[in-house]
Amino acid sequence: MAAAVNNLSGLFICHIVRLSYNMTNADKIPIVPITHEETPMIDLTIHEQPLERAVQRARERNIIIPTFEQQRNPALIPDAVKRNLADVGLWDLNPVNLFRINWHNEPTARGGGYGGVNYIEFPKAITGVDARVVVIIGKWFPTGAHKVGAAFGCLVPRLVTGQFDPTTQKAVWPSTGNYCRGGAYDSNLLACESIAILPEGMSRERFEWLQSVAGEIIKTPGSESNVKEIFDKCWELRASGEDLSIFNQFEEFGNYLWHYSVTGPAMHEVLKSIMGPQDHYRGMASATGSAGTIASGDYMKEQFPGSVICASEALQCPTLLNNGFGAHRIEGIGDKHVPWIHNVKNTDMVVAIDDAAPVAIMRLFNEDAGREYLAAQGVSADLIDLLPDLGISGISNMLSAIKMAKYYEMGPNDVVMTIATDSMEMYQSRVDEYRELEGAFTPLDAAGVYHRYLMGESTDNLLELTYQERKRVHNLKYYTWVEQQGKTYEELMAQWYDPTYWTSIHGLDKQIDKLIEAFNARVGLLN
C-alpha cells in the first residue's frame, strides 16, 4: 500500500490508496494503486471567526487549557494553577480542574496536588498467578473515571481550531456511560452546552450525576451492548437541524490519540518505577469498549516490541471471539461491533469474560463477608481497603490479565498491565440490587466466588490471533462503519494495508499542543 502524509494549512491529511488484487494469484501482494480522496484523520484547520468567539468565552469564564505534555508531566503545569487547585474538589465544576485530567492526581477528594501514577499491584492471593498483575487506577480523575481524558482529546482540538463554537453549538456525547459523563463534565468546564446519550439500563449513579452537569440527557433503549441504538439517535439528531457537534468516541481519533499519548506513557512510568533488572513487561489487557484505552497498548508495544495486546469482551457478547452478539452486565465496555478506531492488526489476543465473574467478584470485594474471607487468605488490610477502586469493568480487565498470564505461563518476573476505568462510586446501587436479588453474601458465597472466579480463572474463551483471525475481526468493521455509518471501503482497506495509517496519528498531540498554547496566549490569563 502506497501512502503519503502531509500537513497542509493545519489540516492533517492521510492520502489513502486503494489497491486492487491480482485474482489469479491470491498469495501475491496487492498491486495497481487507485488513488482515493483525501480524508482527514484529525482535522486541525483553523476557523478564525468561531475561534475568536471561543477565545472570548474562555476569557470571560477564566478558562486555561492544559496541553497533552502537561497531562503527561504535571510538573510542567504553572505554579499559579497548582495554587488554585488547593481549594478545589476533585469533581468540582471549576475550569481549573481541567488540569486534573491526568493519571498523576493525589488520591484525595479535595485540594490534592500531583504525584506518581495511581496503581495497584495484585498479589497471587488475588490473581492465582505468579506474574505481577498491575492495574492503573482511573478513580482519581474528575468524575472518577479516565473518560474525561478521552473526551478532552476529542473536544479540545475542535475548540482551539474554531471548528466547535461554544457560543452557538452543543456538544453531543454518545456513550454507554462514562464517556458521556466525561464529555458533559469537560463541556461544563469549557463553557460548552452538552447533550449526553446513554442506554436507559445503565447504573442509577450515572443518571443522578448527569442531571446536575449535562444540559440534556437522552436515554436510548437497552443496556451495555445496545450501541447501535446510540448511533441511531445520533443520526436522528443530525437530521434535526440543530447546531450540534457529535463526538462519537467509537470513531473519534482524538480518543485514540489521548490514550496513546497520555495513558501509554503513564503505564510506562509505572513500569519504570516497579521493574527490577530481571523483570520483563509482557503485555497489557483491556476491554475494547470504544478502543480508546487499548491504544495505550500501541504505545507500549513500541517501547517493548515483544509485548502483547489482549482485547477483552463479555462472553455473553463475543463479537471479536466468534462474531457473536448478546447482552451482558459488564458496564463500561459497549460492544456488539468493532470500533472504527481499534487498531485490530496490532492486537494479539482476544479473551471473553463471563459477566457472572466480575459481578460476583464485585460482591466479594465490597461485602463484609467477602473482605473477611480475603483477609483469611492472606490479602493485606491495606489492599482490601483499595479493592473498591475497581469498578465492574476494572475487575473484568483484571481477569483478562490473569487469563493472559496463565496462557503464556508467566512467572514472577513477568509483568502484565491493565486499567480500571472507574471505581465502585458508580456501582454501589448494583451491590444493593444484587443483595436484594440474591440475598446476603455469606462466607460460603465468598469462598465459592474466590475459588471459582479468581483462583479458578482459566484459559477458556481465549483466542491467540493469527493474521487471518485479525483480518476477520477487522473486516467486521465493514458492517457497522461502511454499511451504516458512512465510512468508505477505501479507508477500511487503508487501516489494514497502509503501514502509516495508525502511526501517522502518533505525534499529533505535539501539533495540538501548539494550538492550545496559541489559544491560551490569545485568552491572556497566563500573563
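Computed from a predicted model, the values in this text were never measured in an experiment. In this numbering scheme, every chain counts its residues from 1 along its sequence in written order. Local features in this predicted model are restricted to residues of pLDDT 70 or higher, and side-chain atom pairs are both shown and tallied only at a pLDDT of 80 or more, whereas totals for entire chains, interfaces and linings draw on every residue. To get the side-chain values, all heavy atoms of the structure are used, and hydrogens and water are removed first.

Some thoughts on the confidence of the model for the protein chain
The pLDDT value tells you how sure the predictor is about a given residue, anywhere from 0 up to 100. Of the residues in the protein chain, 91% reach a pLDDT of 70 or more, and the chain-wide mean stands at 90. The low-confidence segment residues 1–37 (pLDDT under 50) makes 73 contacts with residues lying over four places distant or belonging to another chain. When checking whether two residues touch, look at their non-hydrogen atoms; a contact exists if any pair is within 4.5 Å.

Here's the deal with the state of the cysteines
To count as a disulfide, a pair of cysteine sulfur atoms needs to be within 2.5 Å. Considering all chains together, one arrives at zero disulfides under this definition. The closest cysteine sulfur to the non-disulfide-bonded Cys-180 is located on Cys-234, 11 Å from its own sulfur. We classify Cys-180 as buried; its relative accessible area is 0%. Burial here depends on accessible area, computed with a 1.4 Å probe over protein chains only, as a share of the maximum for the residue type. Under 20% is buried, over 50% is exposed, and the range in between is partly exposed. The exposure class of Cys-234 is buried, given its relative accessible area of 1%.

Side note on the sheet that holds strand β12 (residues 349–353)
The mixed open sheet is built from seven strands, whose spatial order is β4-β5-β13-β10-β11-β12-β14. This sheet does not close on itself; its edge strands, each paired only once, are β4 (119–122) and β14 (462–464). Strand after strand, the sheet turns through a mean of 20 degrees between neighbouring axes, direction not considered. One ladder, built from five bridges, connects strand β10 (residues 280–287) with strand β11 (residues 308–314); its direction is parallel. Residue pairing for β11: Ala-287 is matched across the bridge by Ser-312. Strand pairing requires that DSSP identify at least two bridges connecting the strands. Starting at the N terminus, helices and strands are each numbered in turn, a helix being any DSSP run of H or I of at least four residues and a strand any DSSP run of E of at least two. An axis is simply a line fitted to the C-alpha atoms; with a helix, the fit covers only the stretch in contact. Between two such axes, the angle follows the N-to-C directions and lies from 0 to 180 degrees.

Quick notes on a nonpolar patch on the surface
Taken together, the side chains of Tyr-478, Tyr-479 and Tyr-489 present a nonpolar region at the surface, about 290 Å² in accessible area. Locating Tyr-489 in the fold gives a position in helix α20 (residues 489–497). The patches described consist of residues with a relative accessible area above 30% and no salt bridge, like charges being joined within 9 Å and nonpolar side chains (Val, Leu, Ile, Met, Phe, Trp, Tyr) within 5 Å. All accessible-area figures derive from a Shrake-Rupley calculation using a 1.4 Å probe, and residue coverage is judged against the displayed protein chains alone. Each salt bridge in this description consists of a side-chain nitrogen of Lys or Arg and a carboxyl oxygen of Asp or Glu lying within 4 Å of one another.

Re the sheet that holds strand β6 (residues 170–174)
Spatially, the four strands line up as an open sheet ordered β8-β7-β6-β9, and their pairing is parallel. Because the sheet does not close on itself, it has two edges, and the strands there are β8 (216–220) and β9 (244–246). The average undirected angle you get between the axes of adjacent strands in this sheet is 20 degrees. Sheet analysis places β6 next to strand β7 (residues 193–199), joined by five bridges and oriented parallel. Bridge pairing in β7 links Lys-170 to Glu-193. Along the sheet, helix α6 (residues 178–189) contacts β6 and β7; its crossing angle with β6, the most-contacted strand, is approximately 160 degrees.

Description of α20
Of all the nine residues making up α20, eight are buried; the element is thus mostly covered by neighbouring parts of the structure. Here α20 has its buried residues at Glu-490, Glu-491, Leu-492, Met-493, Ala-494, Gln-495, Trp-496 and Tyr-497.

Observations regarding the pairing of strand β5 (residues 132–137)
Of all the six residues making up β5, six are buried; the element is thus mostly covered by neighbouring parts of the structure. Burial of β5 is two-sided: the residues Arg-132, Val-134 and Ile-136 facing one way and the residues Val-133, Val-135 and Ile-137 facing the other way are all buried. Of the strand pairs in this sheet, β4 and β5 are connected by four bridges, and their pairing is antiparallel. Residue pairing across strands places Tyr-119 opposite Ile-136, the latter belonging to β5. Here β5 pairs with strand β13 (residues 414–420) via six bridges, running parallel. Bridging across to β13, Val-134 finds its partner in Met-417.

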